[in-house]
Amino acid sequence: LAKTTQPISMDSYEGQEVNITCSHNNIATNDYITWYQQFPSQGPRFIIQGYKTKVTNEVASLFIPADRKSSTLSLPRVSLSDTAVYYCLVGDPAYNTDKLIFGTGTRLQVFP
Amino acid sequence: EAQVTQNPRYLITVTGKKLTVTCSQNMNHEYMSWYRQDPGLGLRQIYYSMNVEVTDKGDVPEGYKVSRKEKRNFPLILESPSPNQTSLYFCASKKGNYGYTFGSGTRLTVV
């Protein structure tokens, strides 16, 4: 399983764009990159998943360079409610023996 | 509403008293999993199940049991709870290539 490395924490202000980068140098050919968001005392929530290039949904964008050794979660115009922990996971979502490793994530603090 | 439901949300128990945390999903997902979350350690997988009657150990299975007799239910059983099992527990399910759906969590305290 590919190990991921993320910053432990980040600070931002309301209205700014936030980019959280995740390193995954050992990503395998069949691996996808998935991001989750977790608020205190709640279960993680799926945000976005991608394989290569760029994926966008109503919540975020995910940028994946050609070598796929890193990825960047982009949150446009953050608000106070985006304060949470963000996890980057790498793995084959179709692989039956599923042991996705969450790690400790990136704690994003948004200030007024 | 598609969801994963855990019960109870909060539980305080004494060492050695058997307990069960229930988990149910209404999305017809094949895959279900239990995680525990502790400060500084992130989410660690306890057990997972790929389908009915198919379960396997995760990274921290000691002291826990699970069963998967029906597709929708995946209870977590602590036969003899100990204080080091005090934690926040999450049940999750998924189908195919899509992401996990997590329950709201169960905060367990063992005294």
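Structural data are supplied above this passage.
Residues numbered from 1 in each chain as written. Chains lettered and ligands numbered in written order. Predicted model: local features only at pLDDT ≥ 70, side-chain atom pairs only at ≥ 80, totals over all residues. Heavy atoms only, no water.

Facing 19 residues of chain A, the contacting portion of chain B comprises 24 residues. Carbon and sulfur atoms supply 50% of the area buried between chain A and chain B, which totals about 1700 Å² over both sides. Applying the counting rule to chain A against chain B returns zero salt bridges. Of all elements in the fold, only β3 (32-38) and β4 (45-50) of chain A reach the threshold of two or more residues within the side of chain A that touches chain B. Here the side of chain A that touches chain B is composed, by residue class, of eight nonpolar, nine polar and two charged. (Contact = heavy atoms within 4.5 Å. Buried area = accessible area lost by both parts, 1.4 Å probe. Salt bridge = Lys/Arg side-chain N within 4 Å of Asp/Glu carboxyl O. Helix = DSSP H or I, 4+ residues; strand = E, 2+ residues; numbered from the N terminus. Nonpolar A, V, L, I, M, F, W, Y, C, P; charged D, E, K, R; others polar.)

It is worth spelling out a nonpolar patch on the surface at this point. On the surface, a nonpolar cluster with roughly 300 Å² of combined accessible area is contributed by I12(B), V14(B) and V111(B). By relative accessible area, I12(B) is classed as exposed at 66%. (Patch = residues over 30% accessible without salt bridge, like charges linked within 9 Å, V, L, I, M, F, W, Y side chains within 5 Å. Areas by Shrake-Rupley, 256 points an atom, 1.4 Å probe, with all protein chains shown as cover. Buried < 20%, exposed > 50% of the residue type's maximum accessible area, 1.4 Å probe, protein only.)

Evaluated as defined, the whole model comprises two disulfides over all chains. Two residues share a disulfide in this structure: C22(A) and C88(A), whose sulfurs sit 2.2 Å from each other. Where C22(A) bonds to C88(A) through sulfur, the torsion about that S-S bond is close to -80°, and the disulfide is left-handed. In this pair, C22(A) sits in strand β2 (residues 18-23) while C88(A) sits in strand β8 (residues 84-91), placing the two residues 66 residues apart along the sequence. Considered together, C22(A) and C88(A) belong to a single accessibility category, that of buried residues. Residue C23(B) pairs covalently with C91(B) via a disulfide, S to S 1.9 Å. Because the sign of the S-S torsion sets the handedness, a value of about -75° for the bond joining C23(B) and C91(B) places this disulfide among the left-handed ones. You can see C23(B) sitting in strand β3 (residues 19-25) and its partner C91(B) sitting in strand β9 (residues 87-94), a full 68 residues away along the chain. (Disulfide = S-S within 2.5 Å.)

Residue and element names in this part refer to chain A. Positionally, T56 belongs in strand β5 (residues 53-56). Distance in space between the C-alpha atoms of T56 and L73 is 9.9 Å, their sequence separation being 17 residues. Every residue in contact with T56, bar those within four places of it in the chain, is listed here: I48 and S61. A polar contact is formed between the side chain of T56 and the side chain of S61, at a distance of 3.0 Å. (Polar contact = N/O pair within 3.5 Å; in protein donor to acceptor, adjacent residues only side chain to side chain.)

That's the geometry; what it means functionally is another story.
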